Amino acid sequence: MSLLAEAPDQVADDTPYDGLRLRSVTKAFASFTAVDGLDLDVPRGSFFALLGPSGCGKTTTLRMVAGLETPTSGSITLAGQDITYAKPYRRPVNTVFQSYALFPHLDIFENVAFGLRRRRSADVKTQVHEMLELVELTSQARKKPAQLSGGQQQRVALARALINKPEVLLLDEPLGALDLKLRRSMQIEIKRIQTEVGLTFVHVTHDQEEAMTMADTVAVMNKGLIEQMGAPAELYENPRSTFVANFLGQSNLIEGAVLSRSADVTTVDMQGISVSVPTGRTHTDDAAGWVGIRPEKVLIGEEGEALDAPGNTIPGGVVSDVSFVGVSTQYLVRMPWGQELQVFEQNTGRRRRFAPGERVELSWRPEYAFLLDRSQDAGAGAVAGVLA
Amino acid sequence: MSDTERRRGKVGYLLLLPAVLWLGLFFVVPFYSLLATSLFDQSGSDFRGYEMDYAFGNYVDVLRDYWQPLVRSLLYGAIATAICLVLGYVLAYAIAFKAGRWKNLMLVLVIAPFFTSFLIRTLSWKLILSDDGFIVNVLQAVHLLGDDGRLLATPVAVVAGLTYNFLPFMVLPLFASIDKIDHRLIEASGDLYAHPVVGFFKVTWPLSLPGVVSGTLLTFIPAVGDYINAQLLGSTNQRVIGSVIESQFTDANNYPVAAALSMVLMALIVVMVLVYVRRAGTEELL
């Protein structure tokens, strides 16, 4: 896969890799292929997120790493050891399950101690108490899981997996069952714990905000394959496919024809207006493409108003919808070619709010634009992203 | 307390009423009558009537004369229950976790024997275990049984019959318990370094205990009192307590002895059940 070729730690397959490595992993079920020739390197000690809509194969990938599913083909290595076919109870991997899967007949202490006892670890009591302290549940040690709140159960599930100090800790949509506020605080909590213990975390989620907040590397999965992988900011600022552009945040995608290509800039005829896109953000070799721009990168001004945006100015817009959402005002602007573009303007208080029907001019700095393959669906990932 | 709550309370009592009346009429009253009969004078008869003379000696007589059938019944019941538990657990586990789309069909098959009369089913075991039947012939051929060895009229036949007849009572509660277990808990135990066998004893078994307790009770209690299996498949030399009680009531017409035996049996079972439930430590699960 091309994204691996560009990875800095790219090495020959026979060199031991100290992280988690998947090579052409495929999982085919009777009626469909969930994961299709997946290659993945998760560096040791990183917080890695597998992000994608439901059914994209991310949970199946996780279950294969945990040993709960066996790959149809391909290999999985962990710290240089081949674990492709190792039994789940024989691999140094622990999972925080989606619905926690706490043992209802055991109290919190025994739930957390379960893994240690199976491996006949010494000093169970001290270790469990240390772990309960880390997740701030010391006072709940003798309660049963059903007596705890959702957030507390979540922390028990985390403690029960963490205490075994696995090579890789897997988190399967761990915050899905919590309400929004609790989810936000748990995101910070889990990130704190990961930094503190320094273990490799692989986090599966369909929530792009969660992935971007917590992970240092995000892999966006779609239809059993990885669409793009990188640091959250890199994925967000420079998406390579319409799916990533829509699934991570929102994007305006406008049809255009390439006029010229030079060493550092591609010039595109976008509905009669010449706009430029940096070469490093040009992701198609074809004559046509989608010019992409994030709504918050678009500036909105009165007709003829000279805004601080040399290069790409698009006149002739009419405001069709205005929603005030506190931190920003979100506009829908109907363009001369009929398309509605989204514009988010920060509410600094220094600029007036436009009203529906007003004629406006949009502009953006060329370095924020990106150019995507015209053959991709401009709506890919959008609905899933909104629903999530 | 609000009006709706008070009304709900009344409705609750109203719903209890039919069962309370039924049990009061057909359990509490007969129980009192049985208790009274067990203390009647043994010299009485149907013709002359009985006298209440608080004859606690009846109990001493009964225990002295019939301790053997009593112990035998408890033993048969316990062995049949143990075999039912092993067979039933494996079956219920397979139906709950492995049967997939055959689950419902297999459950129907478990209950299917009930469509035939209990007597017919027990009588057919006479054929299965008969002296020139297939099983006895095979066992004789492999010298597990002597040439004149037999199964019919032995404790083996009685226990086999009890096991067969009461197996569904074991399987159904076990199935209900095992089927409820979240499969992810078993996955979690494997994820936490438990070998599948260890995972079974640490997770599946404790979570199925409510089914184990109710299954064993539903099997053990009727198996101890049953005398059809012993009469049809057992020997007259090895009577069980049920048939002693029956003959005391019907043939000997010794009501006080029959009643005292019934009381002893009931008390023994209640005590055993209480001890068992306590030992199983499942009060909060039940």
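So, how was this worked out
- Here the residue numbering is sequential within each chain, running from 1 through the sequence in written order.
- Chain letters and ligand numbers both follow the written order, the letters beginning at A and the numbers at 1.
- The model is predicted, so local features are restricted to residues of pLDDT at least 70 and side-chain atom pairs to those at 80 or more, both for listing and for counting; the totals for chains, interfaces and linings are taken over all residues.
- In computing side-chain properties, one takes all heavy atoms of the structure into account and sets aside hydrogens as well as water.
- The axes used here are C-alpha line fits, helices contributing only the stretch in contact, and every angle between their N-to-C directions lies in the interval 0 to 180 degrees.
- Secondary structure elements are defined from DSSP: runs of H or I of at least 4 residues count as helices, runs of E of at least 2 residues count as strands, and each element is numbered from the N terminus.
- Note on angle classes: values under 35 degrees are labelled roughly parallel, values over 145 roughly antiparallel, values of 65 to 115 roughly perpendicular, and the remainder oblique.
- Any pair of residues with heavy atoms lying within 4.5 Å of one another is described as a contacting pair.
- We call Asp, Glu, Lys and Arg charged. Ala, Val, Leu, Ile, Met, Phe, Trp, Tyr, Cys and Pro are nonpolar, and the rest, Gly among them, are polar.
- Relative accessible area decides the class of each residue, using a 1.4 Å probe on protein chains only: under 20% of the type maximum gives buried, over 50% gives exposed, and in between gives partly exposed.
- Each domain's extent is set by a domain assignment, obtained either automatically or from a database.
- Only buried residues count toward a nonpolar core. Its members are Ala, Val, Leu, Ile, Met, Phe, Trp, Tyr and Cys residues joined through side-chain atoms within 4.5 Å.
- UniProt positions are given in the numbering used here, feature names are shortened, and annotations may be inferred rather than shown by experiment.
- Accessible-area loss on putting two parts together, using a 1.4 Å probe and summing over both, is the definition of buried area adopted here.
- Salt bridge, as used here, is a side-chain nitrogen of Lys or Arg placed within 4 Å of a carboxyl oxygen of Asp or Glu.
- Any pair of nitrogen or oxygen atoms within 3.5 Å is treated as a polar contact; in protein, a donor-acceptor pairing is required on top of that, and neighbouring residues in sequence qualify only through side-chain atoms on both sides.
- By this definition, two strands are paired if DSSP reports at least two bridges between them.

Undergrad: Explanation requested: the packing of helix α2 (residues 57–98) of chain B against helix α10 (residues 241–250) of chain B in the structure shown.
TA: Axes are the key here: two packed helices are described by the angle between their axes and the distance separating the axes. Residue and element names in this part refer to chain B. Closest axis-to-axis distance for the α2/α10 pair is 8 Å, and the angle between their directions is 135°. Judged on the interaxial angle alone, α10 and α2 are oblique. Within the contact between the two elements, α2 uses Tyr66, Pro69, Leu70 and Ser73 and α10 uses Ile241, Gly242, Val244 and Gln248. A per-class count over the contact of α2 with α10 returns 5 nonpolar, 3 polar and no charged.

Undergrad: Even after reading the chapter, I still don't get α10(B), so can you show me in this structure?
TA: Note that an α-helix has 3.6 residues per turn; residues three or four places apart therefore point the same way. All names here are of chain B. Of all 10 residues that make up α10, 7 are buried, and the element is covered over most of its length. For α10, the set of buried residues is Ile241, Gly242, Ser243, Val244, Ile245, Ser247 and Gln248. Contacts made by the buried residues of α10 are with α2, α8 (196–225), α9 (228–233) and α11 (255–280).

Undergrad: What is the right way to read the domain arrangement of chain A from this model?
TA: Size of an interface, as often reported, equals the accessible area lost when the parts are brought together. Considered domain by domain, chain A is made up of domain 1 (3–237) and domain 2 (250–373). Here the C-alpha centre of domain 2 of chain A lies 39 Å away from the C-alpha centre of domain 1 of chain A.

Undergrad: Sorry, what's going on with the nonpolar core here?
TA: Burial of nonpolar side chains together is a common tendency in soluble globular proteins. Leu20(A), Leu22(A), Leu40(A), Phe48(A), Phe103(A), Leu170(A) and Val202(A) are the most contacted members of the largest nonpolar core, which has 57 residues in total. Per element, the largest residue contribution to this core is 7 residues, and it comes from α2(B). The contacts of Val202(A), once residues within four sequence positions are left out, are Leu20(A), Val42(A), Phe48(A), Leu62(A), Val168(A), Leu169(A), Leu170(A) and Leu171(A). Counting 47 residues, the second-largest nonpolar core is a separate cluster that includes Ala113(A), Leu134(A), Phe243(A) and Leu248(A).

Undergrad: Whenever I open this one, the UniProt feature "domain: ABC transporter" (unreviewed entry) in chain A confuses me. Can you help?
TA: In the numbering adopted here, UniProt assigns the feature "domain: ABC transporter" (unreviewed entry) to residues 20–248 of chain A. Strand forms 26% of residues 20–248 of chain A and helix 35%; the C-alpha atoms that close the span are 25 Å apart.

Undergrad: Looking at this structure, how should I read the interface of chain A and chain B?
TA: At the junction of the two partners, chain A supplies 24 residues and chain B supplies 18 residues. Summing both partners gives a buried area of about 1900 Å² for chain A against chain B, and 64% of it is carried by carbon and sulfur. Together, Tyr89(A), His105(A) and Arg118(A) form the three largest contributors to the area buried by chain A at its contact with chain B, with a combined 33%. Put simply, chain A and chain B have 1 salt bridge between them. Glu187(B) is the partner of Arg63(A) in a salt bridge, and the nearest nitrogen-oxygen pair spans 2.6 Å. At the surface where chain A touches chain B, the tally comes to 7 residue pairs in polar contact (both at pLDDT 80 or more). Of all elements in the fold, only α2 (58–66), β6 (93–96) and α3 (108–118) of chain A reach the threshold of two or more residues within the side of chain A that touches chain B. The residue makeup of the side of chain A that touches chain B, split by class, is 12 nonpolar, 6 polar and 6 charged.

Undergrad: When you look at the sheet that holds strand β15 (residues 299–302) of chain A in this model, what are you seeing that I'm missing?
TA: Sheet strands pair by backbone hydrogen bonding; their relative direction is either parallel or antiparallel. All names here are of chain A. The 5 strands lie next to each other as β15-β19-β16-β17-β18, forming an open sheet whose pairing is antiparallel. One side of each edge strand has no neighbouring strand; the edge strands of this open sheet are β15 and β18 (340–346). If you compare each strand with its neighbour and ignore which way they point, the axes differ by 45° on average. Bridge count for strand β17 (residues 328–334) against β18 is 7 bridges, and the pairing is antiparallel. What sits directly across from leucine 332, in β18, is glutamine 342.

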